[in-house]
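Topology and contacts: notes
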Amino acid sequence: MKKSLFIVFLFSTMLWSQQESAVLTSKKTFSSANGYLISNPYHSIYDTNGWLWILGENKLSNEFIYGEQEIMIQRFDGANFFKLRLPDISGKKITNGHFLKQQNKGFYLKLYYQSARAELFYINTESLEIQPVEAYNTLDQKYIISQAHQDNGLTRLILTSEGKFYSAELDKVKLTFIDSIPFDKPVTDPFIADPVITDEFTLIKLLFEKEIYLLNKKGKFTKKLTENNFETKSGIHFYPTELHPSFKVDDAFYTYIDDYQNAFKFDKANTKFVEIPFTDKFYSKNKTLEFSPDFKQAYSTEIFSDNMEIELYRFKNFQKELLTRIEVKNFSEIAYREFGKDLVVLNGNTLESYSFIETKIKTFLKGKSIRTIRKLNENKYIVATDAEGFYKIDVKENTEERIKILEDTTELAINYSRDIFIGKDNTFIIGDSDDLYTLDLNFKVIQDKTVKIHGEEIIKIKDTLFTADQRGVISKYNINEKRYTKITNTDAIQVKEFTTDGTRLYATSFQGIFEYENGTFNTYEFENVETDDLLSINYLEDYGVLVSTKFGEIYSFDTTTKELTLFYEDELKASIVGMIADDTGTLWLNTYAGIVSVNPTSKKIARYTTEDGVYELEGNRFSTYKDEQDGSILMGSFKGLSYFKPDEIVETDTNVQPQFTSISFFNSENDRWTVNASPDFLNNTSEIVLPAEYRRFSATLSVLGEIVPQDIKYRFRLLNSESDSDWFTTYPGRELLYANLAAGTYTLEVEAFSPSQPKIGERVALKIISKEVFYKTWWFILLLLGFVSLSVVYLFYQYRIKQVLFAKNEMALNEANIKNTMMLEIHHRIKNNLQIVSGLLGLQIAKSKNEELKLKLQDSQSRIESIAGIHNLLYHTSNQDFISVKENIENSVTYYQKLFLDNVSYQLDIDASLLSVKKATPFSLLLNELINNSNKHAFTEIEHPVISIYFKKQDKTYVFEYFDNGNFKKQENKKVSMGMKIIEMMSKQLKGDLKIENTSNFKLTLLFSTNE
């Protein structure tokens, strides 16, 4: 953590110091709204691919319950966040954790638990696979403490037991013990101090004990240090309690020890640390410094209450020079990818991403509107402002001084000066809209050289000053003759800006391009440019007369043909207010959108904005100036003056490449939407396939390298063989999403750019194959056509067969109808015959005087009527196989109500069951016997006779219940009647289970199967 703290202050301020360079800060804050979900960060680290890894508590898990937060890992590409699952820890509660760096495309994660030993995991940063380091996690309990450190790109472990130091090396999931060395005596709590690392050895010390050892680069313990290895300037030997971080001066290593104010140098020959006198000048800070790998920069941290103050220094020969100082909130987690280049500060629920930019563009006169500049002498310039007067600046000492212009003892307020002229006698000629003033070296007005004029625009050609009133009229003033005259016929010429090639005078005006020489002038209008749009004009030796417009165009004015030819067009259409060429011929433009360089030879265009040190983007007219002696350029704006040397700020090619940081689409094999963010997948995937049922994908982009990801913009398009799509622009952190793609093959192309670089790296591309829905594929269409053809043939064949079958069916139907009619006729005749028999029995009953015989004949008649009822139902229904139970029972009840005139009440509960003829006949006979017996024998003494009949189908069983409230009782010694015999016979024929209850009333229950 200490090594990462220094960067915070680098990015907290944009103040330039007393140096040739300036420190700029670019800051971006991320919160849960941007996908940052960690509320309490434990640790963070950059991997070798440029991804930031963050370990901490998930803000969204049990946010209001202390101690119940989920621990998570997020990966950050500079613009987007991605969650990574933690390894399975079998229910252990994590209390803290941190990462250990390893160079070989991976690093380690150490997790601390509430009630278990810490465990180590190896993370492959290419595949994102997390594996437990079992060799460490299953160490013997004798190993109490461990501490890791980096040594020449290797991850080394120092472990302790109560009696020994152990040296070990980690290689992915392997742990190899290298060496060990015993203590002088056992130590109960062998805590390890931070190792002190040099180029040749590592110093290992117990925190609270006198145990110090040298560890060589192979991980071997080479020597135990004693008092003789530590020597003060007085030659006194001692045993140190605390060793501070080492640093390097002139190839020798030094460290601070305990409270000694001088540094101790490591004497390699004698293996000694020897105090060096007179190195205590900066003791209070030097002993707490953390150094960059090259020892050219260092930082210190100091905590004040809730804040942490961080100071950054340049370091050389024990001397340090303060660059900047900032404050951040205490207890923030900090990480950097490259020392001095970038920084992230993890503060509670937010992540602050900083970038450190060293720029050669300086800003003077901040907040002031700049008009014109002239050089005074080496490193010094005089600058006119719009409303704050004149200033003298020193670009080397970075100073600025206001100039008092005095007339006698009165200070003059001279504003809106368009130019400054320095005479051979070191006098200055300046002007406002009313007067031209000549000043001496002390900036005092020379009284007899003040001239009344009318006009704001001014230019000098040899010994003549030309002035112009923006409302019209151009005049000239001869310095030698002190004569001021108007140029005739120029009353309508409204000048915007002058320039000259040394002989001719040119100007942009509302009437076109103005050209004047030796008393003759002309104005020129153009078909390709509106004169109202003309803005700045300048004559440059390599380019001739250049004219700019307020829409970002530069035209070359041909002084022979008097035509304008387009030379350059700004991609942002920003007004161009100044043009100058450097010593290499590169054109530098002062625009409303920063400073632009245009190299006509290489066609390279670069734009410099606030991210490069330009304080104000909106340039000001008349304020572009080149120092002909050293080639430096000054450009004014409405809020300051930029100073730079072109050869120092021209950007070299940045070693960065835009890349996909996630590609998401539906994975058919896993049957789910998958976010693919592992470098292994991204580096090896140039094509994805979208299934027909889910033709949708998305992607995120970033640049991982020597550039600020938040400063990059992207343009993208999706191409296919049928059309060329236009480019669209997107910004960091925004996902590219395509849905409902038509079937086909596409190519997603993406380019990255920034305001200062039209293109960053190479174009990236991803091939997308969108599968066709199966019923639109050619094979399916051919299959369908084949199926239709076969179907037509088959249907025709079936038609021919049906024609033959139809004839046969007609014959069969006729035969069936005949048989059906015959069956109905048979049933009808059987019913009629049964009715005849019943009638004959009725005649016999009427003639017989034997009562017992009459009863027997009546019983037979009722049985015949039951059978006749079945055939009657069959005759009146279209179904010749099944009888409605309900209809059959209701017919029987109607018959007996007519036969017996007793007032018997019938209660029926019958469902819609159907019985086959085979079962309907025995059932009908059984029912006949029951009703007949009840009417004859049960109700002799019953005032309100009742017969209840219940018939329902339950699952695969018919349930029949018969009940009467009569008083008929079966006599045990009496023979079984014919009726009961018939009942038992019919139940057996139905294969039913018969149960009769005959106590105070009569109840019969019959269960028989629904199966035939």
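Residues numbered from 1 in each chain as written. Predicted model: local features only at pLDDT ≥ 70, side-chain atom pairs only at ≥ 80, totals over all residues. Heavy atoms only, no water.

Between its terminal C-alpha atoms helix H9 (residues 885–899) stretches 21 Å, which fits the 21 Å expected from 15 residues at 1.5 Å a residue. Every buried residue of H9 is listed here: Val-885, Asn-888, Ile-889, Ser-892, Val-893 and Tyr-896. When H9 is viewed along its axis, its buried side chains cluster within an angular range of 135° and face the same direction. (Helix = DSSP H or I, 4+ residues; strand = E, 2+ residues; numbered from the N terminus. Expected span 1.5 Å × (residues − 1). Buried < 20%, exposed > 50% of the residue type's maximum accessible area, 1.4 Å probe, protein only. Arc of directions from axis to C-beta.)

A few words on the packing of H9 against helix H10 (residues 917–938). Following both chains from N to C, one finds H9 and H10 inclined at 30°, their axes separated by 11 Å at the closest point. With respect to the hand of their crossing, H9 and H10 are arranged in right-handed fashion. Packed against H9, whose contacting residues are Val-885, Asn-888, Ile-889, Ser-892, Val-893 and Tyr-896, the element H10 presents Ala-920, Phe-923, Ser-924, Leu-927, Asn-928, Ile-931, Asn-932 and Asn-935 at the interface. When grouped by side-chain class, the residues that make up the contact of H9 with H10 number 8 nonpolar, 6 polar and no charged. (Axes fitted to C-alpha atoms, helices over the stretch in contact; angles between N-to-C directions. Left-handed = near helix turned anticlockwise from the far one by under 90°. Contact = heavy atoms within 4.5 Å. Nonpolar A, V, L, I, M, F, W, Y, C, P; charged D, E, K, R; others polar.)

Attention now goes to H10. Across its 22 residues, H10 extends 30 Å between first and last C-alpha, which sits within 8% of the 32 Å expected from 1.5 Å per residue. Among the 22 residues in H10, 16 count as buried, and that is most of the element.

Where a protein is soluble and globular, its nonpolar side chains tend to be buried together. Within the largest apolar cluster, 33 residues are counted, with the highest numbers of intra-cluster contacts made by Ile-949, Phe-951, Phe-960 and Tyr-962. The element best represented in this core is H10, accounting for 8 residues. Membership of the second largest hydrophobic core comes to 27 residues, among which are Val-656, Leu-682, Leu-690 and Tyr-746. (Core = buried A, V, L, I, M, F, W, Y, C linked by side-chain atoms within 4.5 Å.)

With that out of the way, let us pick up the packing of H10 against helix H11 (residues 978–989). Viewed as axis vectors pointing N to C, H10 and H11 meet at an angle of 155°, and their least axial separation amounts to 9 Å. Between H10 and H11, the crossing angle belongs to the class labelled roughly antiparallel. H10 and H11 meet at a crossing whose hand is left-handed. Residues Pro-922, Leu-925, Leu-926, Glu-929, Leu-930 and Asn-933 of H10 touch H11, and the partners they reach there are Gly-979, Ile-982, Ile-983, Met-986, Ser-987 and Gln-989. The residue makeup of the contact of H10 with H11, split by class, is 7 nonpolar, 4 polar and 1 charged. (Parallel < 35°, antiparallel > 145°, perpendicular 65-115°, else oblique.)

The next subject is a nonpolar patch on the surface. On the surface, a cluster of nonpolar side chains totalling about 380 Å² of accessible area is made up of Leu-784, Phe-787, Val-788 and Val-792. By the element assignment, Val-792 lies in helix H7 (residues 778–847). (Patch = residues over 30% accessible without salt bridge, like charges linked within 9 Å, V, L, I, M, F, W, Y side chains within 5 Å. Areas by Shrake-Rupley, 256 points an atom, 1.4 Å probe, with all protein chains shown as cover. Salt bridge = Lys/Arg side-chain N within 4 Å of Asp/Glu carboxyl O.)

A separate point is the pairing of strand S45 (residues 495–500). In terms of burial, S45 is a largely internal element, 6 of the 6 residues being buried. When S45 meets strand S46 (residues 505–509), the two strands line up antiparallel, connected through 5 bridges. When the bridges of S46 are listed, Val-495 appears paired with Ser-509. Connecting the antiparallel pair S45 and S46 is a turn made up of 4 residues, with Gly-502 showing a positive phi of about 105°. (Pairing = 2+ DSSP bridges.)

Attention shifts here to the environment of Leu-505. Within the element layout of this structure, Leu-505 appears in strand S46. Apart from the residues lying within four places of it in its own chain, the contact partners of Leu-505 are Ile-459, Ile-461, Phe-466, Phe-498, Thr-499, Phe-514, Glu-515 and Tyr-516.

Attention shifts here to the pattern of salt bridges. One pass over the full model with this rule turns up 34 salt bridges. Note that Lys-452 is salt-bridged to Asp-435, the shortest N-O span being 3.2 Å. One end of the pair, Lys-452, is in strand S40 (residues 451–452); the other, Asp-435, is in strand S39 (residues 435–439), with 17 residues separating them in the sequence. Exposure remark for Lys-452: the relative accessible area of 62% places this residue in the exposed category. Asp-469 is the salt-bridge partner of Arg-471, the closest N and O atoms lying 3.1 Å from each other.

Judged by pairing direction, the sheet is antiparallel, and its 4 strands sit side by side in the order S2-S3-S4-S5 without closing on themselves. Among the strands making up the open sheet, the edge pair consists of strand S2 (38–46) and strand S5 (81–84). Neighbour to neighbour, the strand axes of the sheet diverge by 30° on average, direction disregarded. Pairing geometry for strand S4 (residues 71–76) and S5, over 4 bridges, is antiparallel. Bridge pairing in S5 links Arg-75 to Phe-82.

What follows covers the side chain of Asp-151. Relative to the assigned elements, Asp-151 resides in strand S10 (residues 145–151). When its relative accessible area of 2% is taken as the criterion, Asp-151 is described as buried. There is a polar contact of 3.2 Å between the side chain of Asp-151 and the side chain of Thr-202. Dropping the residues within four chain positions of it, Asp-151 is found in contact with Arg-156, Thr-202 and Lys-217. (Polar contact = N/O pair within 3.5 Å; in protein donor to acceptor, adjacent residues only side chain to side chain.)

Within the chain, Asp-250 stands out as a residue other than glycine whose phi angle is a positive 50°. Positionally, Asp-250 belongs in the loop between strand S19 (247–249) and strand S20 (252–255). On the basis of relative accessible area, Asp-250 is assigned to the exposed category, the value being 65%.

Assignment of secondary structure puts Gln-629 in the loop between strand S57 (619–626) and strand S58 (633–637). With relative accessibility at 67%, the residue Gln-629 sits in the exposed group. Each C-alpha atom of the pair Gln-629 and Lys-375 lies 9.8 Å from the other, and the pair is 254 residues apart in sequence. A distance of 2.7 Å separates the side chain of Gln-629 from the side chain of Lys-375, its partner in a polar contact.

Now for the packing of aromatic side chains. Each aromatic ring pair is summarised here by two numbers: the centre-to-centre distance and the angle between the ring planes. All told, the structure shown has 52 aromatic pairs when counted by the stated rule. Summarising the aromatic geometry, the rings of Tyr-543 and Phe-567 are spaced 5.6 Å apart at their centres and angled 80° between planes, so their arrangement reads as edge-to-face. A residue pair is termed long-range when its members are at least 10 positions apart, and Tyr-543 in the loop between strand S49 (534–540) and strand S50 (544–549) and Phe-567 in strand S52 (residues 564–569) qualify at 24 residues. When its relative accessible area of 15% is taken as the criterion, Tyr-543 is described as buried. (Phe/Tyr/Trp six-rings, centres within 6.5 Å; stacked < 30°, edge-to-face > 60°.)

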